[in-house]
Amino acid sequence: MYYDLKSTQFYPTYLRALWRTLLPDAMLAPRLGRREADIKNRMVAPQLKNFEGILSTDVKHDEGSKVEAFVKETFDASLCWEDIEWLKSITNLPILIKGVLTHEVARKAVEVGVAGIVVSNHGGRQLDYTPTTISVLEEVVDAVGRKVPVLLDGGVRRGTDVFKALALGAQAVLVGRPVIYGLAANGERGVRRITEMLKDKFELTMALCGCPVVMDITRSHVRTECDKLHSML
């Protein structure tokens, strides 16, 4: 469920205060949220052939979502900040942390030495009433202070969404669901067409906003609810 920041004006005061408490820590991602659709459909755990002998996909589970059972048996729910240092010790690859929604977590991620941050609410289905990623992007970018790259995912459907994310400080966006739709509809050609559509609309948006190159996209090109018009009287 995506959280619409604009709808807060219609909520009672106590609910407006409540949503601020529903900000999952990125370190809690191994604990899967309640996914009613998966439970109803008895979603089957993925068979990851590339990980045979490494990860077990044979989940003995008769009730509910088998994806949830797979996550519980495969992921370590005790994952914590100290594990970042261990991960850095066993690989030369850059380590990015995904699921950051607050400035506190963003600063902590920089402190432990991650190579980048992905602002994500995990599709909005980990916890109801989590904020949309675009609404917290600027908070995370300001907290990081460009010490590490900040990427964004969640709800990127058009080239205009890419433009807005870059204007608010993201270095790049991640696209998931549109690519899956394209793949399901027309295989590789469908995926290629999706990326072309995103690219074409993004370039058109740049042109209409007077931005010859990506570096010309600035905060002045977007207006959020936090921006208020100042009276000239």
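Shown above is the structure to which this text applies.
These numbers come from a predicted model, not from an experiment. (Residues numbered from 1 in each chain as written. Predicted model: local features only at pLDDT ≥ 70, side-chain atom pairs only at ≥ 80, totals over all residues. Heavy atoms only, no water.)

A. Summary view of the overall build of the chain. Per the secondary structure count, the chain includes 8 helices and 4 strands. Along the chain, helices (α) and strands (β) appear in the sequence α-α-α-α-β-α-β-α-β-α-β-α when read from the amino end. Taken across its 233 residues, the chain has 34% of its residues classed as buried. A fraction of 55% describes how many contacts in the chain between residues 6 or more apart in sequence connect residues 24 or more apart. Put simply, the chain shows about 15,300 Å² of open surface, and 57% of that area lies on carbon and sulfur atoms. (Helix = DSSP H or I, 4+ residues; strand = E, 2+ residues; numbered from the N terminus. Buried < 20%, exposed > 50% of the residue type's maximum accessible area, 1.4 Å probe, protein only. Contact = heavy atoms within 4.5 Å. Areas by Shrake-Rupley, 256 points an atom, 1.4 Å probe, with all protein chains shown as cover.)

B. Examining the pattern of salt bridges more closely. For the structure shown, the criterion picks out 6 salt bridges. Residue Lys-199 pairs with Glu-203 through a salt bridge whose shortest N-O separation is 2.9 Å. With Lys-199 and Glu-203 both in helix α8 (residues 177-208) and 4 residues apart, the pair spans about one turn of that helix. (Salt bridge = Lys/Arg side-chain N within 4 Å of Asp/Glu carboxyl O.)

C. Representation of unusual backbone geometry within the structure. Phi angles above zero are rare outside glycine, and Arg-146 is one such case at about 60 degrees. Positionally, Arg-146 belongs in the loop between α6 (133-144) and β3 (150-153). The exposed category is assigned to Arg-146, whose relative accessible area is 62%.

D. Just the side chain of Thr-133, in detail. With respect to the helices, strands and loops of the structure, Thr-133 is situated in helix α6. Residue Thr-133 is classed as buried on the basis of its relative accessible area of 2%. Among all residues touching Thr-133, those that are not within four sequence positions of it are Leu-101, Val-119, Ser-120, Asn-121, Leu-152, Asp-153 and Gly-154.

E. Representation of α6 within the structure. Relative to the 16 Å expected for 12 residues at 1.5 Å per residue, α6 spans 16 Å between its end C-alpha atoms, a close match to the ideal helical length. Looking at α6, one finds that the buried residues are Thr-133, Val-136, Leu-137, Val-140, Val-141, Ala-143 and Val-144. All buried residues of α6 fall inside an arc of 155 degrees around its axis, so they share one side. Residues of α6 that are buried make contact with β1 (96-100), α5 (103-111), β2 (116-119), β3 and α7 (159-167). Looking at the residues trailing α6, positive phi occurs at Gly-145, about 65 degrees. (Expected span 1.5 Å × (residues − 1). Arc of directions from axis to C-beta.)

F. Just the packing of α5 against α6, in detail. In the contact formed by α5 and α6, the axes pass within 8 Å of each other and the chain directions differ by 35 degrees. The way α5 lies across α6 gives a crossing that is right-handed. Between α5 and α6, the contacting residues are His-103, Ala-106, Arg-107 and Val-110 on the first element and Glu-139, Val-140, Ala-143 and Val-144 on the second. Looking at the contact of α5 with α6 residue by residue, the classes come out as 5 nonpolar, 1 polar and 2 charged. (Axes fitted to C-alpha atoms, helices over the stretch in contact; angles between N-to-C directions. Left-handed = near helix turned anticlockwise from the far one by under 90°. Nonpolar A, V, L, I, M, F, W, Y, C, P; charged D, E, K, R; others polar.)

G. Just the environment of Ala-109, in detail. Positionally, Ala-109 belongs in helix α5. Setting aside chain neighbours within four positions, we find Ala-109 in contact with Trp-81, Ile-97, Val-114 and Ile-117.

H. The arrangement of a nonpolar patch on the surface in detail. Side chains of Trp-86, Leu-87 and Ile-90 sit close together on the surface and give an oily, nonpolar patch of about 310 Å² of accessible area. Judged by its relative accessible area of 52%, Ile-90 falls in the exposed class. (Patch = residues over 30% accessible without salt bridge, like charges linked within 9 Å, V, L, I, M, F, W, Y side chains within 5 Å.)

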